[in-house]
There are 2 protein chains.
Amino acid sequence: MKSIIIASTSTIHGSGYLEYLLEELKIHFKSAEEILFVPYARPGGISHNAYAKIAAKAFNSIGKTVKGLHEFENPKEAIENAQGIFTGGGNTFVLVNQLYKNDVLVSIKEAIANGTPYLGTSAGSNICGLTINTTNDMPIVYPPSFKTLGLVPFNINPHYLDPNPNSTHMGETRETRIKEFHAFNTQPVVGLREGSWIEVKENNLTLRGKLDARIFEYNKTPYELPTNSDLGFLK
Amino acid sequence: MKSIIIASTSTIHGSGYLEYLLEELKIHFKSAEEILFVPYARPGGISHNAYAKIAAKAFNSIGKTVKGLHEFENPKEAIENAQGIFTGGGNTFVLVNQLYKNDVLVSIKEAIANGTPYLGTSAGSNICGLTINTTNDMPIVYPPSFKTLGLVPFNINPHYLDPNPNSTHMGETRETRIKEFHAFNTQPVVGLREGSWIEVKENNLTLRGKLDARIFEYNKTPYELPTNSDLGFLK
């Protein structure tokens, strides 16, 4: 059964890496002793090794080991044999560029289709959508394409941020940016606030966490969707 | 003589479109009766016509007319014959995509080299740098390349925003993003605060406006540069 967690963030303010999700991850990855970690997004430009250590520390606390995808000579084979896959956040462009370079997007998609449980946070969640056209990240490298896994029939906007009514800054708000996206694209966008995630169980998509999500559909006024809502209607 | 204004923003809080720059623009465009406006960045997805009207209103107030590049059958010829060129802000990816589609980047570069005065604001300033790898915009379309005019030997970060010490949001600060850029690229980045601009007169580059700029050089701690500083040392 397809089993995916698409989380807005790895870390909520005032708690440790993945801490708010650990109880959930015990269940999500219950069949996995070792998690295959995709460290390609390199937050702050840190090395794959340094990043894998951060992921390992969190998973060790629930009795699981972590191995970085960069440690394998054959990444496709590593993905095929994985018991569980976690793609961490960082820079979405750097992540997507490396996924294309190593030609592993199809392998990840196939593993997930075959039932390998997947966790994505932030950039690792962006790639679960149809494209990365709604990432918040700075485009510090030029990837061969913006097309990604399409595990859900819409785009993700992680770290969704409500407009600050006191701001005097003339840069666009997140809502303005997503509206602009819809001047050129038609797929829905789910604005996932920090602490929210989408749970995919085969064909069932559910919003989880304590907060509502903001939904942007083409040619519609954006609206709030309460937590635990079914997201299956979005396409 | 090469004459360029690379402005952080078109509009500062509490004043009208281009208002803070109008006195400067009277001098900058003194030889031009008609300004050729590049409306490709389409802020909020508005039409080229609607956007050209906004620019026209501002320039009419200093006795100049505006014609949109989209109104010409042959955009290359229009650029070649322009008395002055203004590229407005909006979405940098949409702008760059259209510039490549119409194959006019080289024409703009040549016109500027031949002395046609140029004004860029926001996205229109981003394209004056080497690449758009340091834009703040959402990548809502996929352009053929991130390489741009290279009128200055560095990258621009317009609407530069200092970190908010009170924020609990886990998204990256602007400074973090630019540091991440330098994990993959070596050219300097000038963080231009709203109300600042770079004045280019032939080979002289000067920071203008009331505020300091934040300078990011590869492998150096970011630092402040006072207004009216020479930027010629950056490369």
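- In the nomenclature of an unreviewed UniProt entry, chain A corresponds to Dipeptidase PepE from the organism Winogradskyella luteola.

Details of the pairing of strand β9 (residues 204–208) of chain B
Residues and elements named next belong to chain B.
Line of reasoning, step 1. Pairing of strand β8 (residues 197–201) with β9 involves five bridges; the strand directions are antiparallel. Opposite Glu199, over in β9, you have Thr206 as the bridge partner.
Line of reasoning, step 2. The turn linking β8 back onto β9 is made up of two residues, and Glu202 within it adopts a positive phi angle of 50 degrees.

What about helix α2 (residues 48–60) of chain B?
An α-helical turn contains 3.6 residues, so a residue and the one three or four places further along point in the same direction.
Line of reasoning, step 1. The terminal C-alpha atoms of α2(B), which comprises 13 residues, lie 18 Å apart, in line with the 18 Å expected from a rise of 1.5 Å per residue.
Line of reasoning, step 2. On its buried face, α2(B) is in contact with α1 (22–28), β2 (34–38), β3 (65–68), β4 (85–87) and β5 (118–121) of chain B.

Some details on the sheet that holds strand β7 (residues 189–191) of chain B
As a general point, the strands of a sheet are linked pairwise by backbone hydrogen bonds and lie either parallel or antiparallel.
Residues and elements named next belong to chain B.
Line of reasoning, step 1. Strand order in the open sheet formed by four strands is β6-β7-β10-β11, and the pairing between neighbours is mixed. At either margin of the open sheet sits one strand with a lone partner, and together these are β6 (155–157) and β11 (223–225). Adjacent strand axes in the sheet meet at a mean angle of 30 degrees, parallel and antiparallel pairs treated alike.
Line of reasoning, step 2. Of the pairings in the sheet, the one linking β6 to β7 comprises three bridges and is parallel in character. Paired with Asn155 across the bridge in β7 is Val189.

A word on the interface of chain A and chain B
Line of reasoning, step 1. In this assembly, 44 residues from chain A lie in contact with 44 residues from chain B.
Line of reasoning, step 2. Of the roughly 3,600 Å² buried at the junction of chain A and chain B (both faces included), carbon and sulfur atoms supply 62%.
Line of reasoning, step 3. Joining chain A to chain B, the criterion identifies zero salt bridges.
Line of reasoning, step 4. Viewed at the interface, chain B and chain A are joined by 19 residue pairs in polar contact (both at pLDDT 80 or more).
Line of reasoning, step 5. Secondary structure elements with two or more residues in the side of chain A that touches chain B: α4 (92–101) and α7 (174–181) of chain A.
Line of reasoning, step 6. Its residues assigned to classes, the side of chain A that touches chain B shows 19 nonpolar, 18 polar and seven charged.

Some thoughts on the side chain of Thr116(B)
Residue and element names in this part refer to chain B.
Line of reasoning, step 1. With respect to the helices and strands, the residue Thr116 is situated in the loop between α5 (105–113) and β5.
Line of reasoning, step 2. For Thr116, a relative accessible area of 9% translates into the label buried.
Line of reasoning, step 3. When residues no more than four places from it in sequence are discounted, the contact partners of Thr116 are Ser3, Ala82, Gln83, Gly84, Ile85 and Ala111.

A look at the relation of the copies chain A and chain B
Line of reasoning, step 1. It takes a turn of 180 degrees to lay chain A on chain B, together with a shift of 0.0 Å along the axis; the resulting RMSD is 0.0 Å. Here the two chains are linked by the operation of a two-fold rotation axis.
Line of reasoning, step 2. A symmetric contact is evident, with 100% of the interface residues of chain A recurring at the interface of chain B.

Some thoughts on the packing of aromatic side chains
Line of reasoning, step 1. Counting across every chain of the model gives 17 aromatic pairs over all chains.
Line of reasoning, step 2. An aromatic cluster is present here, built from Phe93(A), Tyr142(A), Phe146(A), Phe93(B), Tyr142(B) and Phe146(B) joined pairwise through their rings.
Line of reasoning, step 3. A cation over an aromatic ring shows up here: Lys67(A) above the ring of Phe72(A), its NZ or CZ 4.9 Å from the ring centre.

Digging into the environment of Leu105(B)
Residues and elements named next belong to chain B.
Line of reasoning, step 1. Inspection of the secondary structure puts Leu105 in helix α5.
Line of reasoning, step 2. For the pair Leu105 and Ile79, spaced 26 residues apart in the sequence, the C-alpha separation amounts to 10.0 Å.
Line of reasoning, step 3. In this structure Leu105 touches Leu99, Tyr100, Lys147 and Leu149, once residues within four positions along its chain are discounted.

Structural notes on the sheet that holds strand β7 (residues 189–191) of chain A
All names here are of chain A.
Line of reasoning, step 1. Pairing is mixed in the open sheet, where four strands are placed in the order β6-β7-β10-β11. Two strands close off the open sheet at either side, each with one partner strand: β6 (155–157) and β11 (223–225). Along the sheet, successive strands turn relative to each other by an average axial angle of 30 degrees, direction set aside.

Regarding unusual backbone geometry
Trans peptide bonds make up most of the peptide bonds, and negative phi angles are found at most residues other than glycine.
Residues and elements named next belong to chain A.
Line of reasoning, step 1. In this structure, Asp103 takes a positive phi of about 50 degrees despite not being glycine.
Line of reasoning, step 2. Inspection of the secondary structure puts Asp103 in the loop between α4 and α5 (105–113).
Line of reasoning, step 3. Accessibility expressed as a relative area gives 45% for Asp103, which makes it partly exposed.
Line of reasoning, step 4. With a phi angle near 50 degrees, Glu202 is a residue other than glycine that sits in the positive phi range.

Description of the layout of surface pockets
Line of reasoning, step 1. The space that makes up the largest pocket amounts to roughly 1,300 Å³.
Line of reasoning, step 2. Around the largest pocket, the lining is made up of 41 residues, and of these Leu161(A), His169(A), Glu172(A), Leu161(B) and Arg174(B) lie nearest the centre.
Line of reasoning, step 3. Of all elements in the fold, only α7 of chain A together with α7 (174–181) of chain B reach the threshold of two or more residues within the lining of the largest pocket.
Line of reasoning, step 4. Of the residues in the lining of the largest pocket, the class split is nine nonpolar, 21 polar and 11 charged.

Digging into the pairing of β3(B)
Residue and element names in this part refer to chain B.
Line of reasoning, step 1. On β3, burial follows the alternation: Val66 and Gly68 on one face are buried, whereas Thr65 and Lys67 on the facing-out side are not.
Line of reasoning, step 2. Where β2 meets β3, four bridges bridge the pair, whose relative direction is parallel. Within β3, the residue paired with Glu34 across the bridge is Thr65.

Let's talk about the nonpolar core
Line of reasoning, step 1. Ranked by size, the top nonpolar core spans 102 residues in total, and within it Ile6(A), Leu99(A), Ile198(A), Ile6(B), Leu99(B) and Ile198(B) carry the most contacts.
Line of reasoning, step 2. Leave out the neighbours within four places in its chain, and Ile6(B) touches Gly120(B), Ser125(B), Cys128(B), Val152(B), Ile156(B), Leu192(B), Ser196(B), Trp197(B), Ile198(B) and Val200(B).
Line of reasoning, step 3. Ala7(A), Leu18(A), Tyr51(A) and Ala52(A) belong to the second-largest nonpolar core, a separate cluster that totals 22 residues.

The rules we used
Residues numbered from 1 in each chain as written. Chains lettered and ligands numbered in written order. Predicted model: local features only at pLDDT ≥ 70, side-chain atom pairs only at ≥ 80, totals over all residues. Heavy atoms only, no water. Pairing = 2+ DSSP bridges. Helix = DSSP H or I, 4+ residues; strand = E, 2+ residues; numbered from the N terminus. Expected span 1.5 Å × (residues − 1). Contact = heavy atoms within 4.5 Å. Axes fitted to C-alpha atoms, helices over the stretch in contact; angles between N-to-C directions. Buried area = accessible area lost by both parts, 1.4 Å probe. Salt bridge = Lys/Arg side-chain N within 4 Å of Asp/Glu carboxyl O. Polar contact = N/O pair within 3.5 Å; in protein donor to acceptor, adjacent residues only side chain to side chain. Nonpolar A, V, L, I, M, F, W, Y, C, P; charged D, E, K, R; others polar. Buried < 20%, exposed > 50% of the residue type's maximum accessible area, 1.4 Å probe, protein only. Least-squares fit on C-alpha atoms with pLDDT ≥ 70 in both. Phe/Tyr/Trp six-rings, centres within 6.5 Å; stacked < 30°, edge-to-face > 60°. Lys NZ or Arg CZ within 6 Å of the ring centre and 35° of its normal. 1 Å grid on protein atoms, 1.4 Å probe; cavity = no way out; pocket = protein on both sides within 12 Å on 5 of 7 lines; lining within 4 Å. Points joined across faces, edges and corners; volume = space filled by probe spheres on them. Core = buried A, V, L, I, M, F, W, Y, C linked by side-chain atoms within 4.5 Å.

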